[in-house]
Amino acid sequence: MLLVATMATHATRTPTARAPTTLLLRVVDSASQVPVPNAEITAHERRGLTEVQRRGLTDARGEVRVLYPEDGELQVHIRQIGFRYADRTFRRNPDSGAEEDTAVVALERLGFALPQVVVRAERNCKESVDPSSVALTSASMELLRFGAEQFENFRRTYPFDFTLEQRTTSTSFGVVRPKPRVQVDTLAALAWGDRYVPGRVVVPRGRDEYFVPLLFVSALADPAFWQLHCFVARGVESRDGRRLIRLDFSPTLDVREPDWEGSAWLDSARSVLARVDFRLTNLRNMVGPQRFDGYTVFSTPTPYIARPDSTVASWITSVPSGAFGELRRSGGTQMLLIREVMYRGRKPPDLQQ
């Protein structure tokens, strides 16, 4: 009788609805209601006294799934280039019979709609910033940083390998080698690019050898790079058949070691990074690199994401020669070309077939 009663009680028990554990977030353009792919979603969560951030990108449908924290309250920061950013708070619906909650966030289009930043103080910069360009400079700086952050998020969300071809031509005593040295490697995206280290832009390597870590896109979002550089927006110029915003950068006056200066070119129509010109400055030593400059051009393989496509750099180095302190100059040119990109799993929006 006890077994029968237990089974009867179990048979008549009403199932308890499970509270959703995830939120399906859909991001759309407020004007057209078209999905916004590659929008960055940052979820903020409290774990004791520590705040934890989780980041993701929306897919081709403008969707991303976000886990609810234990307390059921989800705070998200949503941003995309060319849109006004949005902060939203969502609370899990414990009475919902669905496996996940669904929410739609409409972003408003607005050029350079990004958080305001503070431009470096004029006393540390070589030139004063024209008051009329302060707003454009601030917006361009934040757009530059956001684009670099977007790429970092992109290569983590969609891991890929790529084939890199290096073509190096060297000169010595004014004589150019008849054939360039060609090297082809397959690299992982997460291992791609040199890190910016203040004071270590020119690194000695043995006798009469120097290594220069190229200015990579991640440096443009590095707080250390921002801290030691001044930025000035020169306005919109025509280059390579496009209307581009020119944003110049140079080391602050208190930087004595070799460092980078140059220009970042932002596509004014698509609000993405198109090109970066770079060159070394503060090269005061008679021995070592005497000139180093180049440029990187970017492609947009998926909406709103600028990925380095090819880099060209050239240099001249001076090294001791002979017993009487004579100096010998040599140099070279290197081209870095991306030949093929292979995604390890799912492909980003606009590449899915």
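A quick note: this is a predicted structure, and the numbers were derived from the prediction, not measured.

Each value, and the rule that gives it
- Residues numbered from 1 in each chain as written.
- Predicted model: local features only at pLDDT ≥ 70, side-chain atom pairs only at ≥ 80, totals over all residues.
- Heavy atoms only, no water.
- 1 Å grid on protein atoms, 1.4 Å probe; cavity = no way out; pocket = protein on both sides within 12 Å on 5 of 7 lines; lining within 4 Å.
- Points joined across faces, edges and corners; volume = space filled by probe spheres on them.
- Helix = DSSP H or I, 4+ residues; strand = E, 2+ residues; numbered from the N terminus.
- Nonpolar A, V, L, I, M, F, W, Y, C, P; charged D, E, K, R; others polar.
- Pairing = 2+ DSSP bridges.
- Axes fitted to C-alpha atoms, helices over the stretch in contact; angles between N-to-C directions.

1. Points about the layout of surface pockets
Then step 1. Taken as a whole, the largest pocket spans an internal volume of roughly 1100 Å³.
Then step 2. For the largest pocket, the lining is made up of 40 residues, of which Phe211, Val212, Leu214, Phe292 and Gln334 are closest to its centre.
Then step 3. Elements supplying a minimum of two residues to the lining of the largest pocket: strand E8 (160-172), strand E10 (181-188), strand E12 (210-211), strand E17 (288-302), strand E18 (305-321) and strand E19 (326-343).
Then step 4. At 8 residues, the largest contribution of residues to the lining of the largest pocket is made by E18.
Then step 5. Residues that form the lining of the largest pocket fall into these classes: 23 nonpolar, 11 polar and 6 charged.
Then step 6. Taken together, Glu40, Thr42, His44, Gln53, Arg55, His77, Arg79, Glu149, Glu152, Asn153, Arg156 and Ala221 make up the full set of residues lining the second largest pocket.
Then step 7. For the lining of the second largest pocket, the secondary-structure elements that each account for two or more residues are strand E2 (40-47), strand E3 (50-57), strand E5 (73-79) and helix H2 (134-157).
Then step 8. Top contributing element to the lining of the second largest pocket by residue count: H2, with 4 residues.
Then step 9. Considering only residue class, the lining of the second largest pocket consists of 1 nonpolar, 5 polar and 6 charged.

2. Re the sheet that holds strand E4 (residues 63-67)
Then step 1. Spatially, E4-E1-E7 is the arrangement adopted by the 3 strands of the open sheet, whose pairing is mixed. Of all strands in the sheet, those with a lone pairing partner are E4 and strand E7 (100-107), marking the two edges. Taken pair by pair, the neighbouring strands of this sheet meet at an average axis angle of 25°, ignoring direction.
Then step 2. As paired elements, strand E1 (residues 22-29) and E7 share 8 bridges and run parallel to each other. Bridged to Leu23 within E7 is Asp101.

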